[in-house]
Amino acid sequence: MLITLRDNPALSAALRSTLRRLAYRLWQLPPLRGLALQLIRAHTRLEAAHWLGRWPDRPEELFNDYLLRLKVSTELDTPLRRRITDKALSKEVIAERLGPGRAVPTLAVLDTPQAVAEYRPPVYPVAVKPTHSTARLLRIGSEAEWIAAEPTLVGWLHHDYFRQSLERNYAGLAHRVIVEPWLDEALALEGSVHCRDGVPKVVSIVQRYTKARQSYLPDRSPLGVSLVFPLIEFQLESWEFFDPLMADAARLAQGFSYLRVDFYTDCHRIVFGELTTITAAGVTTFHPANGEEIFSRVFFASPP
């Protein structure tokens, strides 16, 4: 069947679309959520077949399979998972675990079309995104740009990412728009700490403007792997931020089987962004071609 699906993209797309629609509709009916979860599991297997070219049957050996197992686990239904998924509430978790002032500040959280129409940021530029979704972001640099963006922002209030992704930690989240000051341009590096069972395993670091990228182990050794985009190695100006980052990420990741801790830094200061449950929907591409195997060996390795 796997070969048939890979050779027939139209069939694969039709099956995945049908399962996604049925699973979403059944999830709206609490007595039928058990059946909905079975459909989500079937859909997840087809997603793996389509994007990865394999069934996700090695969750103790391969990173994507591990994330796809998490996607269909009961952990996604826990209040804490749902709380960190909301881009406004996740900042409360960061403050509780690390203290105040460690995350990107919030200027406003807007939950109605009227609130969007009436609000004006006190400063520009600002970053604006839905609290209940991912991969949606606008940089708004003036009042005129805000007014022009209002239809998009109101549209976000009606967007349901769970319908698109079937990631249950998004199901039922309040539909809101968060406004943040545009991050200090001097924080020229962004990155993610991939943690398993509360332990930092791999740190991915990206130059925000050139998009050069590299991954490192907690001992600062380069891994020679990048996620999503091709590897472009570069040298860090300073490692001053690195050990404090590892300690903070470990505190944030306590109680989670997997957590991706997103951050910004200038090699001295650290500002935390989002806390991510499933990287790239569990179908992450790696560079080089055997990057997932390299990444996975480190990710699953026992502590020294």
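Preceding block: the structure.
Residues numbered from 1 in each chain as written. Predicted model: local features only at pLDDT ≥ 70, side-chain atom pairs only at ≥ 80, totals over all residues. Heavy atoms only, no water.

*Asks:* Is there a simple way to explain the nonpolar core in this structure?
*Replies:* Considering soluble globular proteins, one finds that nonpolar side chains tend to be buried as a cluster. Of all hydrophobic cores here, the largest spans 29 residues; its most connected members are Val193, Ile205, Phe241, Leu245, Val261, Phe263 and Phe272. Mapped onto this core, the elements with two or more residues apiece are helix 6 (89-98), strand 5 (189-196), strand 6 (199-207), helix 10 (242-253), strand 9 (258-265) and strand 10 (270-276). Broken down by element, the residue count for this core peaks at 6 residues, all from helix 10. Residues contacting phenylalanine 272, with those up to four places away along its chain left out, are Ile94, Leu98, Arg102, Ala103, Val104, Leu245, Asp248, Leu252, Val261, Asp262 and Phe263. (Core = buried A, V, L, I, M, F, W, Y, C linked by side-chain atoms within 4.5 Å. Buried < 20%, exposed > 50% of the residue type's maximum accessible area, 1.4 Å probe, protein only. Helix = DSSP H or I, 4+ residues; strand = E, 2+ residues; numbered from the N terminus. Contact = heavy atoms within 4.5 Å.)

*Asks:* What should I look at first to understand the sheet that holds strand 10 in this one?
*Replies:* Pairing between the strands of a sheet is mediated by backbone hydrogen bonds and can be parallel or antiparallel. Sheet architecture is open: 5 strands sit in the order 7-6-5-9-10, paired in antiparallel fashion. One side of each edge strand has no neighbouring strand; the edge strands of this open sheet are strand 7 (213-216) and strand 10. When the angles between neighbouring strand axes are averaged without regard to direction, this sheet yields 20 degrees. Of the strand pairs in this sheet, strand 5 and strand 6 are connected by 8 bridges, and their pairing is antiparallel. (Pairing = 2+ DSSP bridges. Axes fitted to C-alpha atoms, helices over the stretch in contact; angles between N-to-C directions.)

*Asks:* For this particular structure, what's the right way to read the pairing of strand 10?
*Replies:* In regular strands, side chains alternate between the two faces of the sheet. Counted residue by residue, strand 10 has 6 buried out of 7 residues, so it is predominantly covered. The pairing of strand 9 with strand 10 spans 5 bridges and is antiparallel. Bridged to arginine 260 within strand 10 is threonine 276. Here strand 9 folds back onto strand 10, and the loop between the two strands holds 4 residues, one of which, cysteine 267, carries a positive phi near 80 degrees.

*Asks:* Would you mind showing me how to read the side chain of arginine 196 here?
*Replies:* With respect to the helices and strands, the residue arginine 196 is situated in strand 5. A polar contact is formed between the side chain of arginine 196 and the backbone oxygen of phenylalanine 299, at a distance of 2.9 Å. Ignoring anything within four residues of it in the chain, the contact list for arginine 196 reads Tyr66, Lys201, Ser257, Phe299, Phe300 and Ala301. (Polar contact = N/O pair within 3.5 Å; in protein donor to acceptor, adjacent residues only side chain to side chain.)

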